[in-house]
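These are the residues of each chain, in order.
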Amino acid sequence: MSHDILPDPAVGPSSPASPAPEATDATTDATTPSRHASAPAGSRLALGATAALALVVPLLTLTDLPVPVVRPLLVVAFVLLVPGVPVVSLLGMRDAWARVVTVGLVSAGSQVVLATALVTAGVLDALAVTAVIGLVGMLLTILAWQGTRPGDGAAATLAAARERVSLAAQGAGPMLLALGAVLAVWAVGVARAGTDEFDDLGLVASLGPAVWVAVAALGLLCALELRRSHPRGLVAGALVLAVVLVLQGTPVIVEGVGGVPVGWLHLSFADHMAETGGILTGKDARFSWPGFFALLGVVVPAAGLGDGADLLRWAPLLNGLLVLPPLVLLARSVSRSARVVVLAPLVYAGFNWYQQDYLAPQAMALLLMLGVVAVLLHVGRGGVGEPTVDRRVLLGLMLLPLAAIAVSHQLTPPVTVGMLLVLAIAKRTALPKLWLVMLAFTVLWTVFGASDFWMGHLDQIFGTVGQVDGNVTAGVADRVVGTDGHVRMLALRMVLSALVLLLGGLGFLRLVRDPAQRRTGWMLAALAMGPFGLILLQSYGGEVVMRCFVFALPALAVLAATGIEGVLGIRGDAAATPTGARAMVLPVVGGVLLALVLATQVAARGANAPFEETSATQLEATRLLVEQRGDDEVVLSFGWQNPLGLLPAAQPRNQEASEETCGSLGFGLECVEHWDAEWIYASATDDAYWALTTGEPGQGMAIAEELLAQGGWVEVYRADDVLLLAAADRG
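Note that this is a predicted model, so its numbers are computed, not measured.

Rules and cut-offs
Every chain begins its residue count from 1, and numbering advances along the sequence as written. Per-residue local features of the predicted model are confined to residues with pLDDT of at least 70, and side-chain atom pairs are confined, for both listing and counting, to 80 or more; whole-chain, interface and lining totals are unaffected and use all residues. Only hydrogens and water are removed before side-chain values are computed, so all heavy atoms of the structure are retained for them. Here the term patch refers to residues with relative accessible area over 30% and no salt bridge, with like charges joined within 9 Å and nonpolar side chains (Val, Leu, Ile, Met, Phe, Trp, Tyr) within 5 Å. The Shrake-Rupley method, run with a 1.4 Å probe sphere, supplies the accessible areas, and residue values consider only the shown protein chains as cover. Every case where a carboxyl oxygen of Asp or Glu lies within 4 Å of a side-chain nitrogen of Lys or Arg is listed as a salt bridge. Put simply, DSSP H or I for four residues or longer makes a helix, DSSP E for two residues or longer makes a strand, and each gets a number counted from the N terminus. All axes are obtained by fitting lines to C-alpha atoms, using only the stretch in contact for helices, and the reported angles, taken between N-to-C directions, cover 0 to 180 degrees. What sets the label is the angle itself: under 35 degrees gives roughly parallel, over 145 gives roughly antiparallel, 65 to 115 gives roughly perpendicular, and the rest give oblique. With the far helix as reference, a near helix turned anticlockwise by less than a right angle produces a left-handed crossing, and one turned clockwise produces a right-handed crossing. Contact between two residues is taken to exist if any of their heavy atoms lie within 4.5 Å; hydrogens are not considered. Each residue gets one label: Ala, Val, Leu, Ile, Met, Phe, Trp, Tyr, Cys and Pro are nonpolar, Asp, Glu, Lys and Arg are charged, and the others, such as Gly, are polar. Two strands qualify as a pair provided that DSSP identifies no fewer than 2 bridges between them. Nonpolar cores are built from buried Ala, Val, Leu, Ile, Met, Phe, Trp, Tyr and Cys residues. Side-chain atoms within 4.5 Å join them into one set. Partly exposed describes any residue whose relative accessible area lies between the buried limit of under 20% and the exposed limit of over 50%, with all areas from a 1.4 Å probe on protein chains only and scaled to the type maximum.

Observations regarding a nonpolar patch on the surface
Point 1. Judged by side-chain polarity, L436, L439, V443, L444, V447 and F448 come together as a nonpolar surface patch covering roughly 540 Å² of accessible area.
Point 2. Note that V447 resides in helix α18 (residues 434–449).

Brief notes about the packing of helix α22 (residues 484–512) against helix α24 (residues 544–567)
Point 1. Between α22 and α24, the shortest axis-to-axis distance is 6 Å and the interhelical angle comes to 60°. Put simply, α22 runs oblique to α24. In the crossing of α22 with α24, the sense of the turn from one axis to the other is left-handed. Between α22, through S497, V500, L501, L503, G504, L506, G507, F508, R510 and L511, and α24, the contact on the second element is made entirely by F549, L553, L556, L559, A560, T562, G563, I564, E565, G566 and V567.
Point 2. Its residues placed into classes, the contact of α22 with α24 shows 13 nonpolar, six polar and two charged.

Concerning the sheet that holds strand β5 (residues 722–727)
Point 1. The sheet built from five strands is open, its strands ordered β2-β1-β3-β5-β4 with mixed pairing. Both outer strands of the open sheet, β2 (655–656) and β4 (713–719), are each paired with one neighbouring strand and no more.
Point 2. Pairing geometry for strand β1 (residues 635–637) and strand β3 (residues 679–683), over three bridges, is parallel. Bridge assignment links S637 to a residue of β3, and that residue is Y681.

Looking at the nonpolar core
Point 1. If you look at the biggest cluster of nonpolar residues, it comprises 179 residues, and the most contacted ones within it are L124, V375, L376, L394 and M398.
Point 2. Ranked by residue count, the leading element in this core is α24, at 17 residues.
Point 3. Aside from chain neighbours lying at most four places away, what touches V375 is M93, V101, T102, L105, L329, L394 and M398.
Point 4. The next biggest cluster of nonpolar side chains, apart from the first, holds 19 residues, and it includes C662, L669, A704 and L725.

Overview of the pattern of salt bridges
Point 1. Applying the stated criterion across every chain yields a total of 14 salt bridges.
Point 2. The residue E543 makes a salt bridge to R547 at a minimum N-O spacing of 2.8 Å.
Point 3. Residue E543 is classed as partly exposed on the basis of its relative accessible area, which comes to 22%.
Point 4. A salt bridge links R730 to E633; its shortest N-O distance comes to 3.1 Å. Of the two residues, R730 is situated in the segment after β5 and E633 in the loop between α27 (616–628) and β1; the sequence distance between them amounts to 97 residues.
Point 5. Judged by relative accessible area, R730 falls into the partly exposed class, the value being 29%.
Point 6. E633 gets classed as buried once you look at its relative accessible area, which sits at 13%.
Point 7. Where salt bridges share partners, they join E225, R228 and R232 into one cluster.

Observations regarding the pairing of β3
Point 1. Summarising burial for β3: five of the five residues are buried, a large majority.
Point 2. As paired strands, β3 and β5 are joined by five bridges and run antiparallel to one another. When the bridges of β5 are listed, W679 appears paired with A726.

Comments concerning the environment of V300
Point 1. Relative to the helices and strands, V300 is located in helix α11 (residues 291–302).
Point 2. Once the C-alpha coordinates of V300 and A274 are considered, the two residues, 26 residues apart in sequence, prove to be 8.9 Å apart.

Concerning helix α30 (residues 684–694)
Point 1. Among the residues of α30, those classed as buried are T685, D686, D687, A688, L692 and T693.
Point 2. Contacts from the buried residues of α30 go to α22, α26 (609–612), α27, β3 and α31 (700–710).
Point 3. Backbone geometry just after α30 places G695 at a positive phi near 85°.

Let's talk about the pairing of β5
Point 1. Across the six residues of β5, six count as buried, placing the element largely inside the fold.
Point 2. Here β4 runs beside β5; their pairing, made up of six bridges, is antiparallel. For Y717, the partnering residue across the bridge sits in β5 and is L724.
Point 3. As consecutive antiparallel partners, β4 and β5 are separated by two residues.

Observations regarding the packing of helix α8 (residues 209–225) against helix α9 (residues 233–254)
Point 1. Contact pair α8 / α9: the axes reach a minimum separation of 10 Å and the direction vectors enclose 155°. Judged by the angle between their axes, α8 and α9 are roughly antiparallel. Considering how the two elements wind past one another, α8 and α9 form a crossing that is left-handed. Each of V215, L218, L221, C222 and E225 in α8 lies in contact with α9, whose residues at this interface are V235, L239, A242, V243 and V246.
Point 2. Here the contact of α8 with α9 is composed, by residue class, of nine nonpolar, no polar and one charged.

So, in structure tokens, the structure goes:
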């Protein structure tokens, strides 16, 4: 592993071997691990907690004890920590961020791989997965315990934690109090918001002044902290968490019980796997990549979550938090600036309007891919205080998340291959041939594991290869349609994407002008621009451009953070704290700009809220339909913006009556009668989709009322936003 190719990003340019600069404040900075963070990873407190999870979660799965809130949290912790904690303890990683990320990669990766193996064999069972993982975690914990010192026990660990918090909190009180007040104002604002006020501007219409005041104040607080050459760890961490909470939490809280409607279909897939133990062939292409659904089929019953609606609702916030550790590790591995390390997650959150962090395979696959890249970069740079990690052990550990990616999603595997190749070319990885391993995983699974998808569909798969203009048009121009207000909201999305590209370009120019960081600049640019090669291959249902930005955003966030630091005229060294007039102007300018970005993200992310939110009444109607519908009965809806994806996967999907599907019959009663359906499901969200994307009022609810009035139908469920009818003669 060569260190003369690129100076260690954590140190100054004068001495590649010099230690990282100390914080100028009396507090721990946001990027340098404290003395305690360099202690052995296997503290007895962490190992004891892991052993408890390894024992308790299988028992809860077996007994199905109703323990609301606590049980789901324990299962989520189990997925993230077991068996990763003892494995990383045995590995001997000393960097705190690297330990956290590696723990998650090993734990989630191993559980996805095991669940996939079982579901492929037709024997998936939540108890089997939790028991096997729990047993392995327990055995590894016992082994790791033997390598710990008595001083690593709970008392010593808690004492060290108290000391760190006390040190970090010095002088942070006023900022934390101000942040608490801002969050209180935000909480009041979202509590008063309601879906009844949605219009073609989306979520924006329902948010009162309190939310926008909180967003503006949050931007100002972030800018104030970023004045420091080394932002205080406790304050910076609290600010980043607050930004994620506000940006991700606002739509989660306001938009009812569920977000992106496709998530309900994912829960249905997982439920089928949990119920039957196997994969449903010949039904849906997504079953050919079962990894995520198999894991979901373990998590939902293990957590006692019923149909998983609660998990679907909170998934965007959870994923928004889970992306922070690998993103911070990525920034720490390539940047000398403590400000960039803090800015990178703020930029990522502020420009992430894409809504691909819902309960979906791509969200999990992105987290695993980013984690692998961040860990390899960290180990490849020989992090300060990091002992040499055995390549064979590292290879074995990275195989788990890479295999999990290969069996979980269609697009992420080739993007992962490209990113690993970039690291190899840049000589920033201890495993330069790992991209070949990932390529083998991708090809082997696609050929053998996903044969149900590609056999007979080669024209569909390769039909748009090389059609760049058509793929871009399908991904951009064809998606910007609707009412004037809706188009304005979609335009905000494009503005955010263009702005992050611009800022990323400025960051790239800043890096390549510095001979010591030129290679880093080119590497980050390749990581950011590489995913756009997907445009050459597929339109991906018109989403390929958006998916490219999703894959590119982590590296773009680091580049953009570097660009922002340059635009504001501040540097990342110890002498960079602004003084005089600049000390007053920069926080104001930075705060205003950051507040504008955060506010724009809230508006852009919520552009589709009128038709993507799911109300409690719509979910209740859907659950009634699931209970009462016969196996072969036809369900007719007036769109796909509803929770009907929750219908059992083995049953026929609901049919859609629309202008397109009705054709010459016209969108009305004659078309509905043509479908000869036993059930009619009409919702306000389907009508809202039609209204916002065409400018004409949706007619589904009105047609259902007309059907009921003319007879032959029985009202099963009614609410202001949903009407469920059953045919009177359905038997």
